[in-house]
Amino acid sequence: MKNIMYNKIVIITDLGGSMKNYSRQREAILLALRQTKTHPTASMIYETVRKQLPNISLGTVYRNLSALSEAGEILSIEVGDGYEHFDGDISPHAHLHCRKCKSLTDAPFSSEYLREVTVRHGFSPETASCVVYGVCKNCLKNEIGGN
């Protein structure tokens, strides 16, 4: 194990595991995702990371996001808006996607339900993602206030 100090946050990486291809760029991308509650696209992450690493390319961001997602370090979320969104929180939780304002918000997910379903099917879960589509409370309030 190796402790890496970056922006006063300690990230522990196992160089024999999923982070064996450690790079400063990959660490900056992972840190950017873990420091936000939004669900940014690759372009948004690129704009954030580029402030610290001006020479990073969009292609490097895409490659690292793909590797981090494949390694289970981040979640890749498709909600049907034409963009791939990313989440640094890999704990089981749901996402609420507003069809009006396009927001994507985290919501609690019942671990008991997940456990019941996976046991019933003899499945060993690593993480879970659920997307619920609808209208957020702010958009509903605006609809009611606009009438």
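One numbering rule holds for all chains: residues counted from 1, following each sequence as written. In keeping with the model being predicted, local features are shown solely for residues with a pLDDT of at least 70 and side-chain atom pairs are shown and tallied solely at 80 or more, while totals for entire chains, interfaces and linings include all residues. The basis for every side-chain value is the complete set of non-hydrogen atoms in the structure, without hydrogens or water.

K.L.:
Provide a residue-level description of the overall build of the protein chain, including the pertinent values.
P.N.:
Each helix is a run of DSSP H or I of at least 4 residues and each strand a run of E of at least 2, with the numbering of both proceeding from the N terminus. When helices and strands are tallied, the protein chain shows five helices and seven strands. Secondary structure elements of the protein chain, listed N to C terminal, follow the sequence β-β-α-α-α-β-β-β-β-α-β-α. Each of the 147 residues in the protein chain was classed as buried or not, and the buried ones make up 33%. Here, two residues are considered to be in contact whenever any of their heavy atoms come within 4.5 Å of each other. Residue pairs at least 24 apart in sequence account for 47% of intrachain contacts in the protein chain once pairs closer than 6 positions are excluded. Per-residue accessibility takes into account occlusion by the displayed protein chains alone, with areas from the Shrake-Rupley method and a 1.4 Å probe. Carbon together with sulfur atoms contributes 52% to the accessible area of the protein chain, which is approximately 9,600 Å² in total. For the exposure calls, accessible area comes from a 1.4 Å probe over protein chains only, and a residue counts as buried if that area is under 20% of its type's maximum, exposed if over 50%, partly exposed in between.

K.L.:
Describe the nonpolar core, naming the residues involved and giving the relevant values.
P.N.:
Counting 16 residues, the largest nonpolar core has Ile29, Ile45, Val49 and Leu65 as the members making the most contacts within it. Elements that contribute at least two residues to this core include exactly α1 (24-34), α2 (42-50) and α3 (58-70). With five residues, the top contributor of residues to this core is α1. Not counting residues within four places of it along the chain, the set of residues in contact with Leu65 comprises Ile29, Leu33, Ala42, Ile45, Ile74 and Phe86. We call a set of buried Ala, Val, Leu, Ile, Met, Phe, Trp, Tyr and Cys residues a nonpolar core when their side-chain atoms join them within 4.5 Å.

K.L.:
Lay out the sheet that holds strand β5 (residues 93-98) with the relevant residues and their values.
P.N.:
By this definition, two strands are paired if DSSP reports at least two bridges between them. The three strands lie next to each other as β6-β5-β7, forming an open sheet whose pairing is mixed. Looking along the sheet, the strands with just one partner apiece sit at the ends: β6 (104-107) and β7 (129-134). With direction set aside, neighbouring strand axes in the sheet form an average angle of 30°. When β5 meets β6, the two strands line up antiparallel, connected through four bridges. Axes here mean lines fitted to C-alpha atoms, for a helix over just the part in contact, with angles spanning 0 to 180 degrees between N-to-C directions.

K.L.:
Could you give me a rundown of the packing of α2 against α3, with the residues and numbers involved?
P.N.:
It is the contact of α2 with α3, at a shortest axis distance of 9 Å, that shows an interaxial angle of 115°. As α2 runs across α3, the sense of the crossing is right-handed. Here α2 contributes Ala42, Ser43, Ile45 and Tyr46 to the contact with α3, which in turn contributes Leu58, Val61, Tyr62 and Leu65. Throughout this entry, Asp, Glu, Lys and Arg are counted as charged residues, while Ala, Val, Leu, Ile, Met, Phe, Trp, Tyr, Cys and Pro are counted as nonpolar. The remaining residues, Gly among them, count as polar. Per-class residue counts for the contact of α2 with α3 are seven nonpolar, one polar and no charged. In a left-handed crossing the near helix is turned counterclockwise from the far helix by less than a right angle, and in a right-handed crossing that turn is clockwise.

K.L.:
Break down the layout of surface pockets for me, citing the residues and quoting the values.
P.N.:
The volume enclosed by the largest pocket comes to roughly 200 Å³. The way it works is a 1 Å grid over only the protein atoms, where trapped points that fit a 1.4 Å probe form a cavity and open points with protein on both sides within 12 Å along at least five of seven lines form a pocket, and then any residue with an atom within 4 Å of a point lines it. If you trace the largest pocket, you find it lined by Leu96, His97, Cys98, Ser103, Thr105, Val132, Tyr133, Gly134, Val135, Cys136, Lys137 and Asn138. Of all elements in the fold, only β5, β7 and α5 (137-146) reach the threshold of two or more residues within the lining of the largest pocket. Residue composition of the lining of the largest pocket, grouped by class: six nonpolar, five polar and one charged. Grid points are joined across faces, edges and corners, and a volume is the space filled by probe spheres set on the points.

K.L.:
Run through the pattern of salt bridges, naming residues and quoting values.
P.N.:
Side-chain pairs of opposite charge can arise whenever the charged atoms involved come near each other. Each salt bridge in this description consists of a side-chain nitrogen of Lys or Arg and a carboxyl oxygen of Asp or Glu lying within 4 Å of one another. Under the criterion given, the structure shown has four salt bridges. Notably, a salt bridge pairs Glu73 with Arg34, separated by 3.4 Å at the nearest N-O pair. Taken together, the residues Glu73 in the loop between α3 and β3 (75-78) and Arg34 in helix α1 connect sequence positions 39 residues apart. Residue Glu73 is classed as buried on the basis of its relative accessible area of 17%. With a shortest N-O distance of 3.8 Å, Glu47 and Arg50 are connected by a salt bridge. Remark: Arg50 and Glu47 occur in helix α2; sequence separation between them is three residues, near one turn of the helix.

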